[in-house]
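Residue-level listing of the chains:
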Amino acid sequence: MAHKSPVYGVIAVPIEKIKPNTYNPNSVAPPEMKLLYESIKEDGYTMPIVCYYSKTDDSYIIVDGFHRYRIMLDYSDIYEREGGMLPVSVIDKPIDRRMASTIRHNRARGSHNVDLMSNIIKELHEIGRSDAWISKHLGMDRDEILRLKQITGLTALFKDVQFGQAWKPEEEES
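The shown structure was predicted, so the numbers you read here are calculated from the model rather than taken from an experiment.

What counts and what doesn't
Residues numbered from 1 in each chain as written. Predicted model: local features only at pLDDT ≥ 70, side-chain atom pairs only at ≥ 80, totals over all residues. Heavy atoms only, no water. Helix = DSSP H or I, 4+ residues; strand = E, 2+ residues; numbered from the N terminus. Buried < 20%, exposed > 50% of the residue type's maximum accessible area, 1.4 Å probe, protein only. Contact = heavy atoms within 4.5 Å. Areas by Shrake-Rupley, 256 points an atom, 1.4 Å probe, with all protein chains shown as cover. Patch = residues over 30% accessible without salt bridge, like charges linked within 9 Å, V, L, I, M, F, W, Y side chains within 5 Å. Salt bridge = Lys/Arg side-chain N within 4 Å of Asp/Glu carboxyl O. Core = buried A, V, L, I, M, F, W, Y, C linked by side-chain atoms within 4.5 Å.

### Re the overall build of the protein
At step 1: Helix and strand counts for the protein stand at seven helices and five strands.
At step 2: Tracing the protein from N to C terminus, the helices and strands come up as β-β-α-β-β-α-α-β-α-α-α-α.
At step 3: Among the 174 residues that make up the protein, the fraction classed as buried is 30%.
At step 4: When contacts within the protein are restricted to residue pairs at least 6 apart in sequence, long-range pairs at least 24 apart make up 72% of them.
At step 5: Counting only carbon and sulfur atoms, one obtains 53% of the accessible surface of the protein, whose full area is about 12200 Å².

Okay, here's the thing in structure tokens:
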């Protein structure tokens, strides 16, 4: 029999039947959790939660997707919009293999390349997006946007930046 990836069998599961695992070492900082909320709010759930189904207590144990699960628990607007149901992809593996899967999922997410992120900021600026828009939609604070703009070295990116008056040149006495 040919292998069929679990993602082809995504099911809707009531969140009350889903439980976190006890071994996930991953954590997400508050700014990224806010961005995850905004992402789910704007785009919906685009990736299922990966779970193991436990027949003994008729529950789904999270292997990957704990933070997407938390968003539904923490935000009533998401819970209501989704009808309390989460998309779940089920894997059937023993606990040691599930632990390995959790770590692989966490580590495979990667990180952003600074130069590529700088180019994205540049392109967004060039099509007229403000720093406020970039901050809201990309989940970046103004300092991060400023640092990424500095990398590109284009002065046009700084036309809307208000610089402080931390120092003033002393007037020379004649």
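Don't stop here, the text continues.
### So, a nonpolar patch on the surface
At step 1: On the surface, a cluster of nonpolar side chains totalling about 310 Å² of accessible area is made up of Val7, Tyr8 and Val10.
At step 2: Mapped onto the elements of the fold, Val10 is located in the segment before β1 (11–14).
At step 3: Take Val10: its relative accessible area is 37%, and that puts it in the partly exposed class.

### Thoughts on the nonpolar core
At step 1: Core analysis: the biggest nonpolar cluster contains 17 residues, and Ile18, Tyr45, Cys51, Ile71, Leu86 and Val88 have the highest contact counts within it.
At step 2: Mapped onto this core, the elements with two or more residues apiece are α1 (30–43), β3 (49–54), β4 (59–64), α2 (66–74) and β5 (85–90).
At step 3: Contact partners of Tyr45, with chain neighbours within four places excluded, come to Ile40, Arg68, Ile71, Met72, Ile78, Glu82, Leu86 and Pro87.

Keep in mind these values describe shape, not function.
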